[in-house]
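Secondary and tertiary structure notes
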Amino acid sequence: NALVARPLEGRSPFGIVQLVALLATAMLRHTKIDVAELPPLHLRKVPLALTAMERRSYNAIVSYARSNILLTSLGNLGYENSLLNPANTRHSHDLMRNIRLCCSGGGHMRATITQKNYVETRLLLKEVHGASQGDIRAANQFIERVTGNELSECPGCKARFGILFMTPCVHFMCIMCFEKQCVAKQRFACIVCRRGFDPDEFAALQPGFDLQWVDHADQRSAVTTGNLAGLAVSQLGSNAALDESCKIEYITQKIAALRDKATGNQPDGREAAA
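These remarks concern the structure in this document. Predicted model only: the values in this text are computed from it and were never measured. (Residues numbered from 1 in each chain as written. Predicted model: local features only at pLDDT ≥ 70, side-chain atom pairs only at ≥ 80, totals over all residues. Heavy atoms only, no water.)

1. Quick word on the packing of helix 3 (residues 52-71) against helix 4 (residues 89-104)
How we decide: To obtain an axis, a line is fitted to C-alpha atoms, over the contacting stretch when the element is a helix, and the angle between two such axes runs from 0 to 180 degrees between their N-to-C directions. Comment: elements are numbered from the N terminus, with helices defined as DSSP H or I runs of at least four residues and strands as E runs of at least two. With respect to orientation, any angle under 35 degrees is reported as roughly parallel, any angle over 145 as roughly antiparallel, any angle of 65 to 115 as roughly perpendicular, and every other angle as oblique. Each crossing gets its hand from how the near helix is turned against the far one by less than a right angle, where anticlockwise is left-handed and clockwise is right-handed. By the convention used here, residues are in contact when the closest approach between their heavy atoms is within 4.5 Å. Note that Gly is not counted as nonpolar here; it falls among the polar residues with everything else outside the nonpolar set of Ala, Val, Leu, Ile, Met, Phe, Trp, Tyr, Cys and Pro and the charged set of Asp, Glu, Lys and Arg.
Axis separation between helix 3 and helix 4 bottoms out at 8 Å; the angle between their running directions is 165 degrees. The orientation of helix 3 relative to helix 4 falls into the category roughly antiparallel. Regarding helix 3 and helix 4, the two cross each other, and that crossing is left-handed. Two secondary-structure elements touch here, helix 3 through Glu54, Ser57, Tyr58, Ile61, Val62 and Ala65 and helix 4 through Leu95, Asn98, Ile99, Cys102, Cys103 and Ser104. In terms of residue class, the contact of helix 3 with helix 4 is built from eight nonpolar, three polar and one charged.

Structural data, given as C-alpha coordinates:
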(Lines give C-alpha, C1' and ligand atoms only; values in the text may rest on other atoms or scores of the structure.)
Protein backbone atom coordinates (compact mmCIF):
# COMPACT_ATOMS: atom_id res chain seq x y z
CA ASN A 1 0.00 0.00 0.00
CA ALA A 2 1.50 3.34 -1.08
CA LEU A 3 0.07 5.21 1.92
CA VAL A 4 2.11 2.95 4.24
CA ALA A 5 5.15 2.39 2.05
CA ARG A 6 5.96 6.02 1.19
CA PRO A 7 6.37 7.27 4.83
CA LEU A 8 8.54 4.22 5.60
CA GLU A 9 10.69 4.74 2.54
CA GLY A 10 11.15 8.38 3.62
CA ARG A 11 12.15 7.18 7.11
CA SER A 12 9.30 9.20 8.64
CA PRO A 13 8.48 8.43 12.32
CA PHE A 14 4.82 8.74 11.38
CA GLY A 15 5.23 5.86 8.92
CA ILE A 16 6.55 3.53 11.64
CA VAL A 17 3.73 4.45 14.03
CA GLN A 18 1.19 3.96 11.24
CA LEU A 19 2.61 0.49 10.35
CA VAL A 20 2.62 -0.67 13.98
CA ALA A 21 -0.98 0.45 14.44
CA LEU A 22 -2.01 -1.35 11.27
CA LEU A 23 -0.27 -4.62 12.19
CA ALA A 24 -1.54 -4.58 15.78
CA THR A 25 -5.01 -5.54 14.59
CA ALA A 26 -3.74 -8.61 12.74
CA MET A 27 -0.75 -9.89 14.73
CA LEU A 28 -0.48 -11.49 18.19
CA ARG A 29 1.91 -9.99 20.70
CA HIS A 30 4.70 -12.43 21.49
CA THR A 31 6.49 -10.86 24.46
CA LYS A 32 5.41 -11.34 28.07
CA ILE A 33 5.67 -7.64 28.81
CA ASP A 34 2.91 -6.94 26.33
CA VAL A 35 0.54 -9.45 28.02
CA ALA A 36 -1.21 -8.06 31.07
CA GLU A 37 -2.03 -11.47 32.62
CA LEU A 38 -1.96 -15.08 31.44
CA PRO A 39 -5.16 -17.02 32.11
CA PRO A 40 -4.82 -19.88 34.60
CA LEU A 41 -4.18 -23.34 33.19
CA HIS A 42 -7.07 -25.77 33.57
CA LEU A 43 -6.53 -29.48 32.97
CA ARG A 44 -9.47 -31.80 32.49
CA LYS A 45 -9.37 -35.56 32.00
CA VAL A 46 -11.96 -36.96 29.65
CA PRO A 47 -12.14 -40.78 29.58
CA LEU A 48 -12.97 -42.16 26.16
CA ALA A 49 -14.78 -45.44 25.74
CA LEU A 50 -12.85 -48.04 23.73
CA THR A 51 -14.45 -49.37 20.59
CA ALA A 52 -15.14 -53.10 20.24
CA MET A 53 -12.04 -53.50 18.06
CA GLU A 54 -9.87 -51.57 20.54
CA ARG A 55 -11.12 -53.69 23.45
CA ARG A 56 -10.43 -56.87 21.50
CA SER A 57 -6.92 -55.72 20.61
CA TYR A 58 -6.19 -54.68 24.20
CA ASN A 59 -7.47 -57.98 25.59
CA ALA A 60 -5.42 -59.89 23.03
CA ILE A 61 -2.08 -58.24 23.83
CA VAL A 62 -2.65 -58.45 27.61
CA SER A 63 -3.68 -62.11 27.34
CA TYR A 64 -0.59 -62.89 25.28
CA ALA A 65 1.62 -61.22 27.87
CA ARG A 66 -0.04 -63.13 30.71
CA SER A 67 0.31 -66.34 28.73
CA ASN A 68 4.03 -65.77 28.26
CA ILE A 69 4.69 -65.02 31.92
CA LEU A 70 2.50 -67.87 33.15
CA LEU A 71 3.74 -70.59 30.82
CA THR A 72 7.42 -69.68 31.09
CA SER A 73 7.12 -70.04 34.85
CA LEU A 74 5.89 -73.65 34.61
CA GLY A 75 7.98 -76.80 34.31
CA ASN A 76 11.56 -76.74 33.08
CA LEU A 77 11.15 -74.87 29.80
CA GLY A 78 10.84 -71.28 28.93
CA TYR A 79 12.63 -68.76 31.12
CA GLU A 80 15.02 -67.83 28.33
CA ASN A 81 11.98 -66.54 26.40
CA SER A 82 10.14 -65.06 29.37
CA LEU A 83 9.24 -61.38 29.37
CA LEU A 84 10.61 -61.29 32.92
CA ASN A 85 14.05 -62.31 31.69
CA PRO A 86 16.30 -59.21 31.54
CA ALA A 87 17.66 -60.48 28.22
CA ASN A 88 14.22 -59.81 26.72
CA THR A 89 13.89 -56.20 27.84
CA ARG A 90 13.44 -55.01 24.26
CA HIS A 91 10.46 -57.31 23.81
CA SER A 92 8.94 -56.06 27.06
CA HIS A 93 9.23 -52.51 25.74
CA ASP A 94 7.56 -53.59 22.48
CA LEU A 95 4.75 -55.08 24.54
CA MET A 96 4.15 -51.83 26.44
CA ARG A 97 4.22 -49.89 23.19
CA ASN A 98 1.60 -52.19 21.73
CA ILE A 99 -0.62 -51.71 24.79
CA ARG A 100 -0.40 -47.92 24.34
CA LEU A 101 -1.22 -48.30 20.64
CA CYS A 102 -4.29 -50.38 21.51
CA CYS A 103 -5.53 -47.64 23.83
CA SER A 104 -4.90 -44.89 21.25
CA GLY A 105 -7.18 -46.32 18.57
CA GLY A 106 -6.80 -46.07 14.83
CA GLY A 107 -5.77 -49.69 14.36
CA HIS A 108 -5.96 -53.23 15.68
CA MET A 109 -3.77 -56.17 16.63
CA ARG A 110 -3.45 -58.90 14.00
CA ALA A 111 -2.38 -62.44 14.87
CA THR A 112 -0.32 -64.42 12.37
CA ILE A 113 1.55 -67.71 12.47
CA THR A 114 4.57 -68.74 10.46
CA GLN A 115 4.49 -71.85 8.32
CA LYS A 116 7.27 -73.28 10.49
CA ASN A 117 5.27 -72.91 13.71
CA TYR A 118 2.15 -74.24 12.01
CA VAL A 119 3.92 -77.39 10.80
CA GLU A 120 5.61 -77.94 14.17
CA THR A 121 2.28 -77.74 16.00
CA ARG A 122 0.74 -80.34 13.69
CA LEU A 123 3.83 -82.53 14.11
CA LEU A 124 3.58 -82.39 17.89
CA LEU A 125 -0.11 -83.28 17.82
CA LYS A 126 0.36 -86.23 15.49
CA GLU A 127 3.72 -87.71 16.51
CA VAL A 128 3.89 -86.91 20.22
CA HIS A 129 0.26 -86.78 21.36
CA GLY A 130 -1.25 -89.24 18.88
CA ALA A 131 -3.95 -86.84 17.71
CA SER A 132 -6.53 -88.15 15.26
CA GLN A 133 -7.34 -86.49 11.94
CA GLY A 134 -10.44 -85.00 13.58
CA ASP A 135 -8.31 -83.51 16.36
CA ILE A 136 -5.84 -82.03 13.87
CA ARG A 137 -8.75 -80.60 11.90
CA ALA A 138 -10.09 -78.97 15.09
CA ALA A 139 -6.63 -77.48 15.76
CA ASN A 140 -6.50 -76.13 12.20
CA GLN A 141 -9.92 -74.51 12.62
CA PHE A 142 -8.77 -72.88 15.86
CA ILE A 143 -5.66 -71.44 14.19
CA GLU A 144 -7.80 -70.16 11.31
CA ARG A 145 -10.12 -68.38 13.76
CA VAL A 146 -7.20 -66.73 15.55
CA THR A 147 -5.51 -65.53 12.36
CA GLY A 148 -8.89 -64.51 10.93
CA ASN A 149 -9.50 -62.21 13.93
CA GLU A 150 -12.45 -64.31 15.10
CA LEU A 151 -13.35 -65.14 18.70
CA SER A 152 -13.42 -68.62 20.24
CA GLU A 153 -15.52 -69.69 23.21
CA CYS A 154 -13.88 -71.09 26.32
CA PRO A 155 -15.78 -74.26 27.35
CA GLY A 156 -15.10 -73.51 31.01
CA CYS A 157 -16.43 -69.98 31.51
CA LYS A 158 -18.27 -69.63 28.15
CA ALA A 159 -16.57 -66.28 27.52
CA ARG A 160 -15.20 -65.52 24.04
CA PHE A 161 -11.55 -64.69 23.44
CA GLY A 162 -9.24 -64.01 20.52
CA ILE A 163 -6.94 -66.84 21.60
CA LEU A 164 -7.18 -69.81 23.94
CA PHE A 165 -4.79 -72.43 25.26
CA MET A 166 -4.82 -75.73 23.38
CA THR A 167 -4.41 -78.98 25.33
CA PRO A 168 -2.73 -82.16 24.03
CA CYS A 169 -6.22 -83.70 23.71
CA VAL A 170 -7.14 -80.74 21.44
CA HIS A 171 -9.59 -79.07 23.76
CA PHE A 172 -9.30 -75.40 24.67
CA MET A 173 -9.43 -73.14 27.69
CA CYS A 174 -8.84 -69.46 28.44
CA ILE A 175 -5.99 -68.23 30.60
CA MET A 176 -8.30 -67.47 33.54
CA CYS A 177 -9.68 -71.02 33.59
CA PHE A 178 -6.17 -72.40 33.24
CA GLU A 179 -4.97 -70.37 36.21
CA LYS A 180 -8.00 -71.28 38.30
CA GLN A 181 -8.38 -74.95 37.42
CA CYS A 182 -4.78 -76.00 36.79
CA VAL A 183 -2.19 -73.61 38.24
CA ALA A 184 -3.99 -72.80 41.50
CA LYS A 185 -4.78 -76.47 42.18
CA GLN A 186 -1.45 -77.71 40.80
CA ARG A 187 -3.43 -80.29 38.86
CA PHE A 188 -2.81 -80.01 35.15
CA ALA A 189 -5.74 -81.61 33.35
CA CYS A 190 -8.13 -80.71 30.54
CA ILE A 191 -11.26 -78.96 31.83
CA VAL A 192 -13.37 -80.80 29.23
CA CYS A 193 -12.27 -84.46 29.33
CA ARG A 194 -10.14 -84.35 32.52
CA ARG A 195 -7.17 -85.92 30.76
CA GLY A 196 -3.96 -84.96 32.53
CA PHE A 197 -0.98 -83.39 30.77
CA ASP A 198 2.60 -82.44 31.49
CA PRO A 199 3.16 -78.66 31.87
CA ASP A 200 6.22 -78.73 29.60
CA GLU A 201 4.35 -80.62 26.88
CA PHE A 202 1.40 -78.25 27.26
CA ALA A 203 3.70 -75.25 26.91
CA ALA A 204 5.47 -76.71 23.89
CA LEU A 205 2.18 -77.35 22.10
CA GLN A 206 1.03 -73.72 21.97
CA PRO A 207 1.24 -72.57 18.32
CA GLY A 208 3.27 -69.41 18.93
CA PHE A 209 1.32 -66.65 17.19
CA ASP A 210 2.85 -63.31 16.26
CA LEU A 211 1.00 -60.09 17.08
CA GLN A 212 1.33 -57.07 14.82
CA TRP A 213 -0.25 -53.64 15.03
CA VAL A 214 -2.13 -52.72 11.86
CA ASP A 215 -2.69 -48.99 11.32
CA HIS A 216 -6.11 -48.40 9.77
CA ALA A 217 -4.88 -45.24 8.08
CA ASP A 218 -2.39 -46.95 5.81
CA GLN A 219 -2.67 -50.65 6.79
CA ARG A 220 1.05 -50.82 7.66
CA SER A 221 2.24 -53.15 10.39
CA ALA A 222 3.96 -51.04 13.01
CA VAL A 223 5.28 -53.08 15.94
CA THR A 224 5.69 -56.83 16.19
CA THR A 225 5.18 -58.31 19.64
CA GLY A 226 6.10 -61.83 18.59
CA ASN A 227 5.07 -65.28 19.79
CA LEU A 228 3.98 -64.29 23.28
CA ALA A 229 1.60 -67.20 23.58
CA GLY A 230 4.15 -69.64 22.26
CA LEU A 231 6.44 -69.01 25.22
CA ALA A 232 9.51 -71.18 25.72
CA VAL A 233 9.26 -73.04 22.47
CA SER A 234 8.78 -70.01 20.24
CA GLN A 235 10.50 -66.73 19.57
CA LEU A 236 9.64 -63.47 21.26
CA GLY A 237 10.69 -61.58 18.17
CA SER A 238 12.07 -62.21 14.73
CA ASN A 239 15.02 -64.24 15.99
CA ALA A 240 16.37 -66.87 13.63
CA ALA A 241 17.86 -68.85 16.52
CA LEU A 242 14.68 -70.89 16.65
CA ASP A 243 15.83 -72.79 13.55
CA GLU A 244 18.43 -74.73 15.52
CA SER A 245 16.82 -74.92 18.95
CA CYS A 246 13.65 -74.65 21.02
CA LYS A 247 10.60 -76.37 19.56
CA ILE A 248 12.25 -78.37 16.79
CA GLU A 249 14.80 -79.82 19.24
CA TYR A 250 12.02 -80.58 21.68
CA ILE A 251 9.98 -82.39 19.00
CA THR A 252 13.00 -84.42 17.89
CA GLN A 253 13.72 -85.54 21.44
CA LYS A 254 10.10 -86.48 22.13
CA ILE A 255 9.75 -88.49 18.92
CA ALA A 256 13.03 -90.29 19.61
CA ALA A 257 11.88 -91.16 23.13
CA LEU A 258 8.57 -92.52 21.83
CA ARG A 259 10.35 -94.68 19.25
CA ASP A 260 12.74 -96.03 21.87
CA LYS A 261 9.80 -96.89 24.09
CA ALA A 262 7.96 -98.61 21.23
CA THR A 263 11.01 -100.72 20.25
CA GLY A 264 11.95 -101.52 23.84
CA ASN A 265 15.33 -99.76 23.57
CA GLN A 266 16.98 -97.50 26.07
CA PRO A 267 17.70 -93.91 24.93
CA ASP A 268 21.41 -94.74 24.55
CA GLY A 269 20.66 -97.61 22.18
CA ARG A 270 20.94 -100.52 24.63
CA GLU A 271 18.13 -103.02 24.88
CA ALA A 272 15.78 -102.54 27.76
CA ALA A 273 15.93 -104.98 30.63
CA ALA A 274 13.23 -107.60 30.61
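2. Things to note about a positive patch on the surface
The cut-off we apply is this: Like charges are joined within 9 Å and nonpolar side chains (Val, Leu, Ile, Met, Phe, Trp, Tyr) within 5 Å, but only among residues with over 30% relative accessible area and no salt bridge; these make up the patches. The accessible surface values rely on the Shrake-Rupley method and a 1.4 Å probe; as for residues, cover is taken only from the protein chains in view. Think of a salt bridge as a Lys or Arg side-chain nitrogen and an Asp or Glu carboxyl oxygen that are within 4 Å of each other. Asp and Glu count as negative and Lys and Arg as positive, but His and the ends of the chain are not part of the count. For this purpose, a charge sits on NZ of Lys, CZ of Arg, CG of Asp or CD of Glu.
A surface patch of positive charge is lined by Lys180, Lys185, Arg187 and Arg194. Relative to the helices and strands, Arg194 is located in the loop between helix 7 (175-183) and helix 8 (199-205).

3. A closer look at helix 5 (residues 115-128)
The test is simple: An expected span of 1.5 Å times one less than the residue number is assigned to each helix.
An ideal rise of 1.5 Å per residue puts 20 Å on 14 residues; helix 5 measures up with 19 Å between its terminal C-alpha atoms. Following helix 5 by one or two positions, Gly130 has its phi on the positive side, about 60 degrees.

4. A few points about the pairing of strand 6 (residues 210-215)
Convention followed: For every residue, the accessible area (1.4 Å probe, protein chains only) is compared with the maximum for its type, and the residue is labelled buried under 20%, exposed over 50%, or partly exposed between those bounds. Two strands are said to pair when DSSP picks up at least two bridges between them.
Most of strand 6 is tucked away: five of the six residues are buried. Two elements, strand 1 (residues 107-112) and strand 6, share six bridges in a ladder whose sense is antiparallel. Counted as the bridge partner of Ala111 is Leu211 from strand 6.

5. A short note on the side chain of Asn68
Where we set the bar: Polar contact is defined as a pair of N or O atoms within 3.5 Å, subject to the rule that within protein one atom must be able to donate a hydrogen and the other to accept it, and that residues adjacent in sequence are counted only when both atoms are side-chain atoms.
Within the element layout of this structure, Asn68 appears in helix 3. Taking the relative accessible area as the measure of exposure, Asn68 reaches 0% and is therefore buried. Of note is the side chain of Asn68, whose polar atom sits 2.8 Å from the backbone nitrogen of Leu83.

6. Observations concerning the pattern of salt bridges
Scanning all chains against the criterion turns up three salt bridges. Asp94 serves as the salt-bridge partner of Arg90, at 3.8 Å between the closest nitrogen and oxygen. Of the two residues, Arg90 and Asp94 both sit in helix 4, four residues apart, roughly one turn of that helix. In this structure Arg90 comes out as exposed when scored by relative accessible area, which is 54%. Exposure remark for Asp94: the relative accessible area of 17% places this residue in the buried category. With its nearest N and O atoms 3.1 Å apart, the salt bridge here joins Glu120 to Lys116. One end of the pair is Glu120 and the other is Lys116, both in helix 5 and four residues apart, which spans about a single turn. Given a relative accessible area of 4%, Glu120 falls into the buried group.

7. With respect to the packing of aromatic side chains
The line we're drawing: Aromatic contacts are taken between Phe, Tyr and Trp rings whose centres are within 6.5 Å, Trp giving its six-membered ring; a plane angle under 30 degrees counts as stacked, one over 60 as edge-to-face, and the others as tilted.
Across all of its chains, the model carries eight aromatic pairs by this definition. Taking the centre distance of 6.3 Å and the plane angle of 75 degrees together, the rings of Phe142 and Phe209 count as edge-to-face. Taken together, the residues span a long stretch of sequence, with Phe142 in helix 6 (residues 133-147) and Phe209 in the loop between helix 8 and strand 6 at a distance of 67 residues. Between the aromatic rings of Phe188 and Phe197, the centroid separation amounts to 6.3 Å while the plane-to-plane angle is 55 degrees, which identifies the pairing as tilted. The exposure class of Phe188 is buried, given its relative accessible area of 14%. Accessibility expressed as a relative area gives 11% for Phe197, which makes it buried. By way of ring pairs, the aromatic residues Phe165, Phe178, Phe188, Phe197 and Phe202 are connected into one cluster.

8. A word on a nonpolar patch on the surface
On the surface, Leu8, Ile16 and Val20 cluster together to form a nonpolar patch covering roughly 250 Å² of accessible area. Along the polypeptide, Val20 turns up in helix 2 (residues 13-24).

9. With respect to the nonpolar core
The cut-off we apply is this: What makes a nonpolar core is a set of buried Ala, Val, Leu, Ile, Met, Phe, Trp, Tyr and Cys residues whose side-chain atoms join them at distances within 4.5 Å.
Formed by 44 residues in total, the largest nonpolar core has its most connected members in Phe142, Phe165, Met173 and Phe178. Not counting chain neighbours up to four residues away, the residues in contact with Phe165 comprise Ser67, Leu70, Leu71, His171, Phe172, Met173, Cys174, Ile175, Phe178, Phe202 and Gln206.

10. Concerning the environment of Ile191
Here Ile191 is to be found in the loop between helix 7 and helix 8. In the structure, Ile191 is positioned 24 residues away from Thr167 in sequence and 9.4 Å away in space, judged by C-alpha atoms.

By themselves, these observations are geometric and do not establish any function.
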